[in-house]
Amino acid sequence: QFPDGVPMDEVAKHADKESAWIVVEGKVYDCTPLVKDGHKCAQRILDVAGGEATDAFNAAHPGALPEMLQAFLVGPLQKASGPSEDAPRVPQFPDGVP
C-alpha cells in the first residue's frame, strides 16, 4: 500500500481510538487492536498515536525489542524528502538576520 514507506502525514491521520498508529524506530505500527482490546498500555498508545513513539515505547518497555509489535507492522516510515545528506548546508537564521 505504501511502496516508498508510510508518509508521516498519513501516520498523523491515525491518532485516536478508532485508528491508532505509532512510529517506533522508523517503523509504523497499527496499535488499534491493543487500544480496542483495552490493553494496559491503551492510554499511553493514544497519547502518542499519530506520531513518533520510540521514546514512549522504550520508557514503557525498557529493554524490550520493537519485534513485540511485529504483528501490527504497517511498514517502514517514509524517509523525509528534504535536501540530500550530500547537499551543502545553508545556515537558517530567524527573520533572515545572520
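Presented here is an overview of the structure given in this document. Remember, it's a predicted structure, so these values are computed and weren't measured experimentally.

The next thing to look at is the layout of surface pockets. For the largest pocket, the calculated volume is near 260 Å³. As for the largest pocket, its lining consists of 17 residues, and the residues nearest its centre are Cys-41, Ile-45, Phe-57, His-61 and Leu-69. Of all the elements in the fold, those that place two or more residues in the lining of the largest pocket are helix H3 (42–48) and helix H4 (54–60). No other element matches the four residues that H3 contributes to the lining of the largest pocket. Partitioning the lining of the largest pocket into residue classes produces 13 nonpolar, two polar and two charged.

Following the criterion strictly, the structure yields zero disulfides and no others. Looking at Cys-31, it has no disulfide partner, and the nearest cysteine sulfur is the one in Cys-41, 9.7 Å off. Judged by relative accessible area, which is 0%, Cys-31 ranks as buried. Since its relative accessible area comes to 8%, Cys-41 is described here as buried.

Applying the stated criterion across every chain yields a total of two salt bridges. The residue Glu-10 makes a salt bridge to Lys-13 at a minimum N-O spacing of 3.3 Å. Among the salt bridges present, the one from Lys-36 reaches Glu-18, with a minimum N-O distance of 3.7 Å. Taken as a pair, Lys-36 in helix H2 (residues 32–36) and Glu-18 in the loop between strand E1 (15–16) and strand E2 (19–24) lie far apart in primary sequence, 18 residues in all.

Another aspect to go through is the nonpolar core. Within the largest apolar cluster, 15 residues are counted, with the highest numbers of intra-cluster contacts made by Ile-22, Val-24, Tyr-29, Cys-31, Ile-45 and Leu-69. In terms of residues, this core owes the most to one element, E2, which gives three residues. If you look at the next biggest cluster of nonpolar residues, it comprises five residues, including Val-6, Val-11, Val-23 and Val-28.

Inspection of the secondary structure puts Thr-54 in helix H4. Thr-54 sits in the buried class, given a relative accessible area of 14%. Among the polar contacts listed, one links the side chain of Thr-54 to the backbone nitrogen of Glu-25, at a separation of 2.7 Å. Discounting chain neighbours no more than four positions away, the residues touching Thr-54 are Val-23, Val-24 and Glu-25.

Criteria and cut-off values
Residues numbered from 1 in each chain as written. Predicted model: local features only at pLDDT ≥ 70, side-chain atom pairs only at ≥ 80, totals over all residues. Heavy atoms only, no water. 1 Å grid on protein atoms, 1.4 Å probe; cavity = no way out; pocket = protein on both sides within 12 Å on 5 of 7 lines; lining within 4 Å. Points joined across faces, edges and corners; volume = space filled by probe spheres on them. Helix = DSSP H or I, 4+ residues; strand = E, 2+ residues; numbered from the N terminus. Nonpolar A, V, L, I, M, F, W, Y, C, P; charged D, E, K, R; others polar. Disulfide = S-S within 2.5 Å. Buried < 20%, exposed > 50% of the residue type's maximum accessible area, 1.4 Å probe, protein only. Salt bridge = Lys/Arg side-chain N within 4 Å of Asp/Glu carboxyl O. Core = buried A, V, L, I, M, F, W, Y, C linked by side-chain atoms within 4.5 Å. Polar contact = N/O pair within 3.5 Å; in protein donor to acceptor, adjacent residues only side chain to side chain. Contact = heavy atoms within 4.5 Å.

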